[in-house]
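# Structural description and commentary
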Amino acid sequence: MENLLETVKYSFVLPAYKAKYLREAIDSILHQTYATFELIIVDDASPEDLKSIIGNYDDKRIRYYRNEQNLGGKDLVAQWNNCITYAKGEYLILASDDDVYSPLYLEKMDALTEKYPNVNVFRPRVKRIDHNGDILLLEGYLPEYMTKLEYLYAWTNQWLGSGIPFYMFKREALLSIGGFANYPLAWFSDDATVLKLMDSGVAICNMTLFTFRLSTESISTTQNTKASLSAKLRATKMFCDEHNRIIKNYTPQDEDEKYLLSRVKALFPRLIRKNKVRSQLKVSSLATIVSTIGDAVKIDYISLPYILKCCKYPILNGLKKLFVHR
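On to the overall build of the chain, then. Within the chain, the regular secondary structure consists of 14 helices and 10 strands. Based on the C-alpha atoms only, the size of the chain along its principal axes is roughly 65 × 55 × 35 Å. Across the 326 residues that make up the chain, the buried fraction comes to 53%. Of all intrachain contacts in the chain linking residues separated by at least 6 positions in sequence, the fraction that spans at least 24 positions is 79%.

In structure tokens form, the structure reads like this:
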């Protein structure tokens, strides 16, 4: 097995911190029908006893490492990029400690890598669940192969979601861009990384092969502090600038691409305003919003009147609490 892993094609890399769903996540990887891969687990100095959980597995595909100090709490993307330095595979999957892979995930992804050897990015259809396991969203069907512009069109139409763990990346291509894009709080790091690697398009399996768990501790839904909201707004500005650079430099090849480009330009601002900025203002106090207005108005498509319009939600919630307590 050791000799086999020297030339392994696939590396699952799992940065671990939480124990709650870790066993389920590991089991879903180890039960793949395509059985030749390595599983690298990097314990990010967790206060929970992850080593005992991992020690229950007698599987030579597993390699376990523990950081001397917690890295992800200070810089999550730095922890991701630290973890992938242990990988040997030609292709890499950055797993998580609370999501679940279908047993067919690697088998179907392998078929796509054989069919599209020049592609650097692969993904399946994704299901999203809450902390109770109830389905929140099931992605629709998409073409097996999409160009970068087609992907942007689908993304801005919200036909597919964001995330890192369900993607498979060609490792050398990922390393050539310096690893995962390091945005504050890893906000938009997934989307930015995918776009940087998508010059040769993306290959998609339309089977639901990954279950993404949205927990009550999700960075998207927890109440923002001044620091977290500021970081998310700065990351949003970075991603908007990157997106606009791509769109500005894109030369459409035919009428279809002209149409797609026009629709991406039209849909992107709405997506940023509604799904990325307003959603975060709604989980922020009025004081937090006021203290970060400077970061917000630096983002294209975001104005002071728009922020004040969004502020009606926390104001109303505050008034309701005030009168209820009286």
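On the surface, a nonpolar cluster with roughly 250 Å² of combined accessible area is contributed by L136, L137 and L214. Overall, the relative accessible area of 32% leaves L214 in the partly exposed class.

Our next topic: helix α4 (residues 76-83). Because each turn of an α-helix spans 3.6 residues, side chains separated by three or four positions end up pointing in the same direction. Buried within α4 are the following residues: V77, Q79, W80, N81 and C83. Lining the buried residues of α4 we find β1 (10-16), β2 (38-43), β4 (91-94) and α8 (189-196).

This next bit is on the packing of helix α6 (residues 148-156) against helix α9 (residues 226-248). Two elements in contact, α6 and α9, have axes whose closest approach is 12 Å; the angle formed by their N-to-C orientations is 135°. As the angle between them shows, α6 and α9 are arranged oblique. When the axes of α6 and α9 are compared, the crossing they make is left-handed. For the pair α6 and α9, the contacting residues are K148, L152 and W155 in the first and F239, H243, I246 and I247 in the second. Classifying every residue of the contact of α6 with α9 gives 5 nonpolar, 1 polar and 1 charged.

Generally speaking, soluble globular proteins have nonpolar side chains that are buried together. Membership of the largest hydrophobic core comes to 97 residues, with the highest contact counts inside it found for L39 and F180. When residues of this core are assigned to their parent elements, the largest contribution, 8 residues, is made by helix α10 (residues 255-281). Apart from the residues within four sequence positions on either side, F180 is in contact with V77, W80, N81, I84, L92, L94, I164, F169, L174 and T193.

Glancing now at the side chain of N120. Note on placement: N120 falls in the loop between α5 (105-115) and β6 (121-129). Excluding its chain neighbours within four sequence positions, the residues that come into contact with N120 are M168, F169, K170, A173 and L197.

This paragraph deals with the confidence of the model for the chain. Note: predicted coordinates in regions of low pLDDT should not be interpreted at a detailed level. Residue-level pLDDT values for the chain average 91, and 91% of them are 70 or greater. Within the model, the stretch residues 322-326 combines pLDDT values under 50 with 0 contacts to residues more than four positions away or in other chains.

This next bit is on the environment of T288. Counting through the fold element by element, T288 comes out in helix α11 (residues 286-291). Along the primary structure T288 and T225 are separated by 63 residues, whereas in three dimensions their C-alpha atoms are 6.5 Å apart. Among residues more than four places away in sequence, those in contact with T288 are N224, T225, K226 and L229. A distance of 2.9 Å separates polar atoms of two side chains, one belonging to T288 and the other to S285.

Now for the pattern of salt bridges. For side chains bearing opposite charge, pairing can occur when the charged atoms are close. Per the stated rule, a full pass over the model turns up 15 salt bridges. Among the ionic pairs, D98 bridges to K18, the shortest N-O distance being 3.8 Å. One end of the pair, D98, is in the loop between β4 and β5 (100-101); the other, K18, is in the loop between β1 and α2 (22-30), and 80 residues separate them in sequence. Judged by its relative accessible area of 9%, D98 is buried. In this structure, R213 engages E24 in a salt bridge whose closest nitrogen and oxygen atoms are separated by 3.1 Å. Placement of R213 in strand β10 (residues 202-213) and of E24 in helix α2 is noted, with a sequence separation of 189 residues between them. The buried category is assigned to R213, whose relative accessible area is 9%. You can call E24 partly exposed: its relative accessible area is 42%.

So, about unusual backbone geometry. Most peptide bonds take the trans form, and the phi angle of most residues other than glycine is negative. Within the chain, A45 stands out as a residue other than glycine whose phi angle is a positive 50°. Mapped onto the elements of the fold, A45 is located in the loop between β2 and α3 (50-55). When its relative accessible area of 17% is taken as the criterion, A45 is described as buried. You will see that Y301, though not glycine, has its phi angle at about 80°, which is positive. Structurally, Y301 can be placed in the loop between α12 (293-296) and α13 (304-310).

Under the definition given, this model contains 25 aromatic pairs. Their ring planes at 75° and their centres at 5.6 Å tell us that W80 and F180 sit as a pair that is edge-to-face. Remark: F180 occurs in the loop between α7 (171-176) and α8 and W80 occurs in helix α4; sequence separation between them is 100 residues. Relative accessible area serves as the criterion here: at 13%, W80 is assigned to the buried category.

Criteria and cut-off values
- Within each chain, residues carry numbers counting from 1 in the order of the written sequence.
- Totals for whole chains, interfaces and linings use all residues, but because this is a predicted model, local features are given only for residues with pLDDT of at least 70 and pairs of side-chain atoms are given and counted only at 80 or more.
- Computation of side-chain values covers all heavy atoms of the structure but excludes hydrogens and water.
- Segments assigned H or I by DSSP are reported as helices when at least four residues long, segments assigned E as strands when at least two residues long, and all are numbered from the N terminus.
- Type-normalised accessible area, obtained with a 1.4 Å probe on protein chains alone, sets the label of each residue: buried when under 20%, exposed when over 50%, and partly exposed for intermediate values.
- Here a residue-residue contact requires only that any non-hydrogen atoms of the pair lie within 4.5 Å.
- To count toward a patch, a residue needs a relative accessible area above 30% and no salt bridge. Like charges then connect within 9 Å, nonpolar side chains (Val, Leu, Ile, Met, Phe, Trp, Tyr) within 5 Å.
- Exposure was quantified through the Shrake-Rupley algorithm and a 1.4 Å probe, taking into account, for residues, occlusion by the shown protein chains and nothing else.
- Salt bridge criterion: a side-chain nitrogen from Lys or Arg within 4 Å of a carboxyl oxygen from Asp or Glu.
- Interaxial angle, 0 to 180 degrees, is taken between N-to-C directions of lines fitted to C-alpha atoms, where a helix line uses only the stretch in contact.
- Here is the rule for angles: anything less than 35 degrees is roughly parallel, anything more than 145 is roughly antiparallel, 65 through 115 is roughly perpendicular, and the remaining ranges are oblique.
- Less than a right angle of anticlockwise turn of the near helix away from the far helix marks a crossing as left-handed, whereas a clockwise turn marks it as right-handed.
- Following the grouping adopted for this structure description, the nonpolar residues are Ala, Val, Leu, Ile, Met, Phe, Trp, Tyr, Cys and Pro, the charged ones are Asp, Glu, Lys and Arg, and the polar ones are all others, Gly among them.
- To form a nonpolar core, buried Ala, Val, Leu, Ile, Met, Phe, Trp, Tyr and Cys residues must be joined to one another through side-chain atoms within 4.5 Å.
- Per-residue confidence from the prediction method is given by pLDDT, with values spanning 0 to 100.
- Identification of polar contacts relies on pairs of N or O atoms within 3.5 Å, with a donor-acceptor requirement for protein atoms, meaning one able to donate a hydrogen and the other able to accept it, and with residues adjacent in sequence counted only if both atoms are side-chain atoms.
- Two rings from Phe, Tyr or Trp (for Trp, the six-membered ring) form a pair when their centres are within 6.5 Å of each other. A pair whose planes differ by under 30 degrees is stacked, one over 60 is edge-to-face, and the rest are tilted.

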